[in-house]
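Breakdown of the fold
Listed below are the residues making up each chain.
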Amino acid sequence: INLMLTAMLRYAGLTANPVLVSTRSNGIPLFPNRTAFNYVIAAVETPNGNVLLDATDKFSTPNILPLRTLNWNGRLIRKDGSSQQIDLMPQKVSGDNVFMNYAIDAEGKVTGKTRRQYTDFNAMVARDNISSFKEEEYLEKLENLNNKIEISEYSKTNEKDILLPLIETYSFAGANLCEIIADKIYVNPMLFFTEDKNQFTQEVREYPVDFSYPFADKYNITIQIPEGFAVETLPAPAAITMEDNLGAFKFNIAANGNFLQLSVIHQINEAIVSAEKYEMLKEYYKAMVAKETEKIVLKRI
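These notes cover the structure that comes with them. (Residues numbered from 1 in each chain as written. Predicted model: local features only at pLDDT ≥ 70, side-chain atom pairs only at ≥ 80, totals over all residues. Heavy atoms only, no water.)

Before going further, it helps to examine the sheet that holds strand β10 (residues 178-181). Taken in spatial order, the 4 strands make up an open sheet running β10-β11-β19-β14, and their pairing is antiparallel. The strands lining the two open edges of the sheet, one partner per strand, are β10 and β14 (229-233). Sheet twist, expressed as the mean angle between neighbouring strand axes with direction ignored, is 30°. (Pairing = 2+ DSSP bridges. Helix = DSSP H or I, 4+ residues; strand = E, 2+ residues; numbered from the N terminus. Axes fitted to C-alpha atoms, helices over the stretch in contact; angles between N-to-C directions.)

This is the structure:
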């Protein structure tokens, strides 16, 4: 399919060439051998660099390749027999932007609305995930993943228009998103978006950490506290920055009358993090999880 795509691009007058790739399951070709490459994509040479294309995936777009092909370097083969090494790893940050408003009632029930916008690789992965299920199955999975919430008024925008960000919106309600102890309500401000577990627990790591692509998760959350309650404790603001611009985490929360405004950013700027930086990454995630799992405490007045 991608050799056909290359031929079509050449027929259209573009400078297009095949790029040999080793998929992730095939491993990294460390030295020349007959089985080093097992896949091919297309590249169009432009004054601003190569545009990489893969026509085998219906949600892939220019320079947004299927995850299976993001494996170190490929080799571009020209008509004259010359070749060139091509970096396959993404540099552009893919976004996941969440806007959420929710209200807590005196019994600790939460009702709210969420709007989630995915861009670039996040959009490709989300589209693939959504298309794998019937809508009913997908929503049931989403409800179960998110603390057994009930989802209603679900809609998606740009599902088929793959050059635009994918947007999901839905209303939700949950009876087990808060804890009530005595006359106090305890709630994680990010609800089901809370990162509550550090995925990096090994003492020593010998291999790089592979995030597939750089990403930025951003959350803007407005919380309405119930009548007859006041804020007793709010998590303190926090900012964590890793060396070499590897990534950053920012957490800010402020009270304004009966409303709380929360802003959270978690960004990783490198697709592959070397084993030498593992300890720094592990401590970063540990601090981020500790901050996100701090609870707001509301007391009855």
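The next point concerns the packing of aromatic side chains. Under the criterion given, the structure shown has 12 aromatic pairs. Judged by centre distance (5.7 Å) and plane angle (65°), the ring pair of Phe-211 and Phe-215 falls under edge-to-face. Among the residues examined, Phe-215 registers a relative accessible area of 12% and is labelled buried. Linked through ring pairs, Phe-200, Phe-211, Phe-215, Tyr-278, Tyr-284 and Tyr-285 together constitute an aromatic cluster. When the ring centre of Phe-251 is taken as reference, the NZ or CZ atom of Lys-291 above it lies at 5.9 Å. (Phe/Tyr/Trp six-rings, centres within 6.5 Å; stacked < 30°, edge-to-face > 60°. Buried < 20%, exposed > 50% of the residue type's maximum accessible area, 1.4 Å probe, protein only. Lys NZ or Arg CZ within 6 Å of the ring centre and 35° of its normal.)

Attention now goes to the sheet that holds strand β15 (residues 238-241). Pairing is mixed across the open sheet formed by 8 strands, whose spatial order is β8-β9-β7-β6-β13-β17-β16-β15. Edge positions in the open sheet fall to β8 (150-157) and β15, since each of these has one partner strand only. Sheet twist, expressed as the mean angle between neighbouring strand axes with direction ignored, is 10°. Two elements, strand β13 (residues 215-224) and strand β17 (residues 259-268), share 10 bridges in a ladder whose sense is antiparallel. Directly across from Lys-218, in β17, lies its bridge partner Ile-265. Together, β8 and β9 (166-174) form the strand contacts of helix α3 (residues 135-145), whose direction differs from that of β8 by roughly 125°. (Contact = heavy atoms within 4.5 Å.)

Looking now at helix α1 (residues 2-11). Looking at α1, one finds that the buried residues are Asn-2, Leu-5, Thr-6 and Leu-9. The buried residues of α1 occupy an angular sector of 100° when projected down its axis, which confines them to one face. For α1, exposure combined with an orientation more than 90 degrees from the buried face picks out Leu-3, Met-4, Met-8 and Tyr-11. Next to the buried residues of α1 lie β1 (16-21), β2 (39-46) and β3 (49-53). One or two residues past the end of α1 sits Gly-13, with phi positive at roughly 95°. (Arc of directions from axis to C-beta.)

Time to look at the environment of Val-297. By the element assignment, Val-297 lies in strand β19 (residues 296-300). When the C-alpha atoms of Val-297 and Val-231 are compared, they prove to be 6.2 Å apart, with 66 residues separating the residues in sequence. The residues touching Val-297, leaving out its near neighbours within four places in the chain, are Lys-184, Ile-185, Tyr-186, Ala-230, Val-231, Glu-232 and Thr-233.

On to the pairing of strand β6 (residues 94-104). As paired elements, β6 and β13 share 10 bridges and run parallel to each other. The partner of Ala-103 across the bridge, within β13, is Gln-224. Direction of pairing for β6 relative to strand β7 (residues 110-118): antiparallel, over a ladder of 9 bridges. Bridge pairing in β7 links Asn-101 to Lys-113.

Our focus in this paragraph is the pattern of salt bridges. Using the criterion set out here, one finds 11 salt bridges in the structure. The closest approach of N and O atoms between Lys-282 and Glu-203, which form a salt bridge, is 3.8 Å. Taken together, the residues Lys-282 in helix α4 (residues 278-292) and Glu-203 in the loop between β11 (184-187) and β12 (209-210) connect sequence positions 79 residues apart. Relative accessible area serves as the criterion here: at 64%, Glu-203 is assigned to the exposed category. Asp-244 is the salt-bridge partner of Lys-277, the closest N and O atoms lying 3.9 Å from each other. With a gap of 33 residues between them, Lys-277 in the loop between β18 (272-273) and α4 and Asp-244 in the loop between β15 and β16 (247-256) connect regions that are remote in the sequence. Assessed through its relative accessible area of 18%, Lys-277 is described here as buried. Among the charged side chains, a network of salt bridges with common partners joins Asp-244, Glu-270 and Lys-277. (Salt bridge = Lys/Arg side-chain N within 4 Å of Asp/Glu carboxyl O.)

All quantities given are derived from atomic positions and should not be read as evidence of function.
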